[in-house]
Amino acid sequence: MSHDRKFFDTFMLILGALVLFAVAMIVLSEIIGGRTQEAFISEDPAVIGMTEERIKPFGTVVVEGQAEPAATPPPAKEPVAAVVAKPAPETVAVAAISGQEIYNSACMVCHMAGIAGAPKVGDAGAWTERIARGTDALYANAINGYQGPAGVMPAKGGRVDLSDEAVRAAVDYMIEASQ
């Protein structure tokens, strides 16, 4: 019996502490909420008017057979300007970018340091076997990507925004600089 009484007393003590904690949190949240939320409430008629203007409905639904809602005059609006069709965007000719510029902006990261087995530009020994396979094979590997025993080449060097012609120009530059 005393064991049950001890459990009941402990349970009531813990329950009372939890209720007291909950009441304290509610009071604290009311104090904090009252101080912060009241700062954002504006009773300025101009602000209230602008808010009502922004949230007013832009139309009404009228069901056949029911009375129409009371008509309110529409607010005065500025005259609507005539809609002018935009001219078609001009086609701008892009200056051809040299192979060296493509190399400097995209290829140099790997081909300067030899990352992932990339042959370094200027290293004739690393390029001899590749050049012997032909430029078409080099173009295909550069455009489509390559993965083999010699290393890994992502398609277009990871720059999928480059055109095939730009990649070919960069390959031509690297071949020329490595012979």
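Scroll up a little and you will see the structure.
Residues numbered from 1 in each chain as written. Predicted model: local features only at pLDDT ≥ 70, side-chain atom pairs only at ≥ 80, totals over all residues. Heavy atoms only, no water.

Engineer: I keep staring at the packing of helix α3 (residues 99-111) against helix α6 (residues 164-178) and nothing clicks. Help me out?
Structural biologist: The angle between the axes and the distance between the axes are what describe a pair of packed helices. The interhelical angle for the contact between α3 and α6, taken along N-to-C directions, is 75°, at an axis separation of 8 Å. Between α3 and α6, the crossing angle belongs to the class labelled roughly perpendicular. In this structure, α3 uses Gly99, Gln100, Ile102, Tyr103, Cys107 and His111 to contact α6, whose residues at the interface are Ala166, Ala169, Ala170, Tyr173 and Met174. Of the residues assigned to the contact of α3 with α6, the class counts are eight nonpolar, three polar and no charged. (Axes fitted to C-alpha atoms, helices over the stretch in contact; angles between N-to-C directions. Helix = DSSP H or I, 4+ residues; strand = E, 2+ residues; numbered from the N terminus. Parallel < 35°, antiparallel > 145°, perpendicular 65-115°, else oblique. Contact = heavy atoms within 4.5 Å. Nonpolar A, V, L, I, M, F, W, Y, C, P; charged D, E, K, R; others polar.)

Engineer: Just to check I follow, could you spell out the packing of aromatic side chains for this structure?
Structural biologist: To describe a pair of aromatic rings, you give the distance between the ring centres and the angle between the ring planes. Taken as a whole, this structure holds two aromatic pairs when the rule is applied. Centre to centre, the rings of tyrosine 103 and tyrosine 173 are 5.4 Å apart; their planes meet at 45°, and the pair counts as tilted. Of this pair, tyrosine 103 sits in helix α3 while tyrosine 173 sits in helix α6, placing them 70 residues apart in sequence. Residue classification places tyrosine 173 among the partly exposed positions, given a relative accessible area of 24%. Of note, arginine 168 hangs over the ring of tyrosine 139, and the distance from its end group to the ring centre comes to 5.9 Å. (Phe/Tyr/Trp six-rings, centres within 6.5 Å; stacked < 30°, edge-to-face > 60°. Buried < 20%, exposed > 50% of the residue type's maximum accessible area, 1.4 Å probe, protein only. Lys NZ or Arg CZ within 6 Å of the ring centre and 35° of its normal.)

Engineer: Sorry, what's going on with the pattern of salt bridges here?
Structural biologist: Working definition: two side chains of opposite charge can pair if their charged atoms are close together. With the rule as written, the count across this model stands at six salt bridges. A salt bridge links arginine 133 to glutamate 129, with the shortest nitrogen-to-oxygen separation between them at 2.9 Å. Using a relative accessible area of 46% as the deciding quantity, one classes arginine 133 as partly exposed. A salt bridge links lysine 156 to aspartate 164; the shortest N-O distance between them is 3.0 Å. (Salt bridge = Lys/Arg side-chain N within 4 Å of Asp/Glu carboxyl O.)

Engineer: Quick question: what am I supposed to make of a nonpolar patch on the surface here?
Structural biologist: Judged by side-chain polarity, Phe7, Phe8, Phe11, Met12, Leu15, Val19, Val23, Val27 and Ile31 come together as a nonpolar surface patch covering roughly 830 Å² of accessible area. Examined against the element boundaries, valine 23 turns out to sit in helix α1 (residues 2-37). (Patch = residues over 30% accessible without salt bridge, like charges linked within 9 Å, V, L, I, M, F, W, Y side chains within 5 Å. Areas by Shrake-Rupley, 256 points an atom, 1.4 Å probe, with all protein chains shown as cover.)

Engineer: Explain α3 here, please?
Structural biologist: In an α-helix there are 3.6 residues to a turn, and that puts residues three or four apart on one side. In this model, α3 (13 residues) spans only 14 Å end to end at C-alpha, well below the 18 Å of a helix rising 1.5 Å per residue. Bending of α3 peaks at approximately 55° at the position of serine 105. Every buried residue belonging to α3 is among Gly99, Ile102, Tyr103, Ala106, Cys107 and His111, and all of these are buried. Among the structural elements, α4 (124-132), β2 (151-153) and α6 are those in contact with the buried residues of α3. (Expected span 1.5 Å × (residues − 1). Bend = angle between axes of the 7 residues up to and from the residue.)

Engineer: Explain the nonpolar core to me, please; I cannot follow it from the model alone.
Structural biologist: Grouped burial of nonpolar side chains is what soluble globular proteins tend to show. Judged by nonpolar contacts, the single largest core of 16 residues is most densely connected at Ile102, Cys107, Leu162, Val167, Val171, Met174 and Ile175. Considering every element that reaches this core, the biggest residue donor is α6, with six residues. Beyond its immediate chain neighbours, meaning those up to four positions away, valine 171 contacts Leu138, Tyr139 and Ala142. (Core = buried A, V, L, I, M, F, W, Y, C linked by side-chain atoms within 4.5 Å.)

Engineer: Help me understand the environment of cysteine 107, please; the structure alone is not making it clear to me.
Structural biologist: Structurally, cysteine 107 can be placed in helix α3. A relative accessible area of 16% means that cysteine 107 is categorised as buried. Taking the C-alpha atoms as reference points, cysteine 107 and methionine 174, separated by 67 residues in sequence, lie 9.2 Å from one another. Contacts of cysteine 107, omitting those with residues within four sequence positions, involve Ile102, Ala170 and Met174.

Engineer: Where do I start with the state of the cysteines in this structure?
Structural biologist: Note on terminology: disulfide describes a covalent bond linking the sulfur atoms of two cysteines. This model, assessed by the stated rule, comprises zero disulfides. A disulfide-free cysteine, cysteine 107 has its sulfur positioned 8.8 Å from the sulfur of cysteine 110, the nearest such atom. (Disulfide = S-S within 2.5 Å.)

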